[in-house]
Structures are given as structure tokens and as C-alpha cells.
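These are the residues of each chain, in order.
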Amino acid sequence: MALAGQYAGLIAFAIFTCFPFVWALAVGLSTDPSNTWLFPRSFWPTEPGLMWFERVFTEMPFLKYLKNSTVMSFWTIVSVVVISVLAAYPLARLKFPGRNLIFVAIIATLMLPSEVNIIPNFITLKHLGLLDSYWGAIIPNFAGAFGIFLMKQAFEQIPQDLIDAARVDGATELQILWRVMVPVSAPSIAALSIFTLVNAWNDYLWPSIVITTRDKLPLAVGVFNDLTGPFAVSTSLVMAAIVLTVLPVLIFFAFTQRYFISGLDGAVK
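Since the structure is predicted, the reported quantities are computational estimates derived from the model, not experimental observations. (Residues numbered from 1 in each chain as written. Predicted model: local features only at pLDDT ≥ 70, side-chain atom pairs only at ≥ 80, totals over all residues. Heavy atoms only, no water.)

**Overview of the environment of Leu192**
No. 1: With respect to the helices, strands and loops of the structure, Leu192 is situated in helix α10 (residues 186–202).
No. 2: Distance from Leu192 to Val80, taken between C-alpha atoms, is 8.4 Å for residues 112 residues apart in sequence.
No. 3: Not counting the four nearest positions on each side in its chain, Leu192 is found in contact with Val80, Val81, Ser84, Phe146, Gly147, Leu150 and Met151. (Helix = DSSP H or I, 4+ residues; strand = E, 2+ residues; numbered from the N terminus. Contact = heavy atoms within 4.5 Å.)

Here you go:
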């Protein structure tokens, strides 16, 4: 009985989570938009076709936005993973004065809203001459408390005997990190990469502030700006653009979900 209740709860949660995407997909595939707001009729495409999806590519620089998001997300993932690994290893495995205080200070930043960083980051990037650039949009996201916490927990799960054996063989701390800790913690690194991708792909506020050139905008900002302009009157076009924006992340997650689950499992033991 308890198992049935758990499955019923999971099914209800899945329906609640998926229905906005299913609705957007159905509306985007409907060449006749007359049933858009008719529930539950709108959840089935009316006269299915790809007209709205084709218009997304022809009426806005969607591929340019896609390229920008891909480049920005890639470098954000690489930077977050490298910095999180380098910061987490000494906090997890090295003993030095103030280690716990430093970790508490890092975790405390999770309680601060991201908006408090906007003005300091904007002023800093202005003096560095990085406004209206890819780097200006992604540098403030290079380091985060969540990534350091996740990797610290993962490193603490690795047996000390493995590290001691590497030290006996003459390995330096950096060699232990990159040749022992990182390969063993690959699932956690994959989980961190997925989290970072989702956040970077959907980031809207900071890129919309720091980037002003249309050709440099990422998907989240470019599509929103275009759809609130001359295309705002077409709900079907909006839904088609939303589906195309979300689809790359869904595909990436579908192929990496086992790493995501195993990585989180290892990090919370």
C-alpha cells in the first residue's frame, strides 16, 4: 500500500512537472491556434504541422542565439567544474588553520540573493572593459558555493587509503587530485555539470544587463526580447520558441541522467 502511494505521488508530480512543456509542444504543433486556451483540447495538436517552428527560424536569429548560449554554457561549465574541484580538495582532504571557517563562509553565500552581486559585478566588469561580451556574462558565474559543497562531499567519500597509497608512491597533491580524486568523482562532476548547464542556459537577468548587442544575446534573453516585441501577438510562435529553447537541455539530461543520479547519491551519503 505504501509503495502504491509512493508511485501515485511520483506520477502526480511527473504530470504536474511535464504538463507546461506538453501544452507548449501541442500549441506549437497546432497550425490552427483556435483551441489554444481550451482545456483539455489544447493538449492535442489541431491540424499538426511545423509552421510555427519554421517561423521561429525565419523571423528571428534563433540559430545565433543558440550558438551564443552554447558557447557561454560550455565555458561556464568548464570554469565552474575546475574551480569547484580546486577549491573542494583542500577543504575536504587538507588540514590547515581556518578550514572550517572558510567552508562556512562559502556556504553562507548561498543565503544571499543573486541580485546583491549585480552592482559590484557590473562596476568591476566596466573597469575591466568586459561589458557587452561573452566573458562579461559568464565570469561572475565561474565560482559558486553549491559546486564547492557538492565536490567537497564527493571527495570526502573517497577512502583515505587510496590517497595514502598515492602519496607513498610519490604523487604530489595536484597529481592526487587529477589522477585519483577527479576520476573517482566523475559522477559528481557530471551532476555538477548538469546543474551548471541548466542554470547557465536559463540565465536571464545578468546577461540581459551586461549584454546590449543583439547578436551576442543568449537564447533566454534573445527569444524573450523578440517575443515581447513584434511577435508577442502570436501565442503559437511563443510556444514553439519555448519548446526549441528547452529541448537541448532536455536531450542533454536524457543522456546524462544516470550520472546525475549517481553523482547526487555519492554526494549526500
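**As for the layout of surface pockets**
Gaps left between atoms are located by rolling a probe of water-molecule size over the structure's atoms.
No. 1: The volume enclosed by the largest pocket comes to roughly 1,000 Å³.
No. 2: Along the wall of the largest pocket there are 26 residues; nearest its centre are Ser114, Asn117, Pro140, Asn141 and Ala143.
No. 3: Those elements that provide at least two residues to the lining of the largest pocket are α3 (62–93), α5 (118–128), α7 (145–156), α10 and α11 (205–210).
No. 4: By residue class, the composition of the lining of the largest pocket is 15 nonpolar, 10 polar and 1 charged.
No. 5: Roughly 470 Å³ of volume is contained in the second largest pocket.
No. 6: Ranked by the residues each element gives to the lining of the second largest pocket, the list is headed by helix α13 (residues 235–268), at 8 residues. (1 Å grid on protein atoms, 1.4 Å probe; cavity = no way out; pocket = protein on both sides within 12 Å on 5 of 7 lines; lining within 4 Å. Points joined across faces, edges and corners; volume = space filled by probe spheres on them. Nonpolar A, V, L, I, M, F, W, Y, C, P; charged D, E, K, R; others polar.)

**Comments concerning the nonpolar core**
A general trend in soluble globular proteins is that nonpolar side chains are found buried together.
No. 1: Ranked by size, the top nonpolar core spans 52 residues in total, and within it Val56, Val85, Phe155, Met181 and Val223 carry the most contacts.
No. 2: Ranked by the residues each element gives to this core, the list is headed by α3, at 10 residues.
No. 3: Residues Leu91, Phe103, Ile106 and Ala145 belong to the second largest nonpolar core, which totals 5 residues. (Core = buried A, V, L, I, M, F, W, Y, C linked by side-chain atoms within 4.5 Å. Buried < 20%, exposed > 50% of the residue type's maximum accessible area, 1.4 Å probe, protein only.)

**Observations regarding the packing of aromatic side chains**
No. 1: Enumeration over the complete set of coordinates arrives at 8 aromatic pairs.
No. 2: Centroid distance Phe57 to Phe62: 5.3 Å. Interplanar angle 70 degrees. Geometry classified as edge-to-face.
No. 3: Owing to a relative accessible area of 40%, Phe57 belongs among the partly exposed residues under this scheme.
No. 4: The buried category is assigned to Phe62, whose relative accessible area is 2%.
No. 5: Each ring, one from Trp75 and one from Trp135, has its centre 6.0 Å from the other, and the planes form 45 degrees; the classification is tilted. Placement of Trp75 in helix α3 and of Trp135 in helix α6 (residues 134–138) is noted, with a sequence separation of 60 residues between them.
No. 6: With a relative accessible area of 38%, Trp75 lands in the partly exposed category.
No. 7: Residue classification places Trp135 among the partly exposed positions, given a relative accessible area of 41%.
No. 8: Among the aromatic residues, those joined into a ring-pair cluster are Phe74, Trp75, Trp135 and Phe142. (Phe/Tyr/Trp six-rings, centres within 6.5 Å; stacked < 30°, edge-to-face > 60°.)

**Concerning the UniProt feature "transmembrane region" (unreviewed entry) in the protein**
No. 1: Following the UniProt record, the feature "transmembrane region" (unreviewed entry) maps to residues 7–29, 70–89, 101–123, 135–155, 176–198 and 231–255 here.
No. 2: Across residues 70–89, the secondary structure splits into 100% helix and 0% strand, with the terminal C-alpha atoms separated by 29 Å.
No. 3: Counted over residues 135–155, helix gives 71% and strand 0%. Its end C-alpha atoms are 30 Å apart. (UniProt positions renumbered as here; feature names shortened; annotations may be inferred.)

**Points about the side chain of Ser30**
No. 1: Tracing the backbone shows Ser30 in the loop between α1 (2–29) and α2 (51–59).
No. 2: Residue classification places Ser30 among the buried positions, given a relative accessible area of 5%.
No. 3: Polar side-chain contacts of Ser30 include one of 2.7 Å to the backbone oxygen of Ala26.
No. 4: When neighbours within four sequence positions are excluded, Ser30 is seen to be in contact with Trp44, Pro45, Thr46, Glu47, Trp52 and Ser236. (Polar contact = N/O pair within 3.5 Å; in protein donor to acceptor, adjacent residues only side chain to side chain.)

**Some words on the environment of Ser236**
No. 1: With respect to the helices and strands, the residue Ser236 is situated in helix α13.
No. 2: The exposure class of Ser236 is buried, given its relative accessible area of 3%.
No. 3: Considered as a pair, Ser236 and Gly28 are 208 residues apart in the sequence and their alpha carbons are 5.1 Å apart.
No. 4: Among residues more than four places away in sequence, those in contact with Ser236 are Val27, Gly28, Ser30, Pro33, Thr36 and Trp52.

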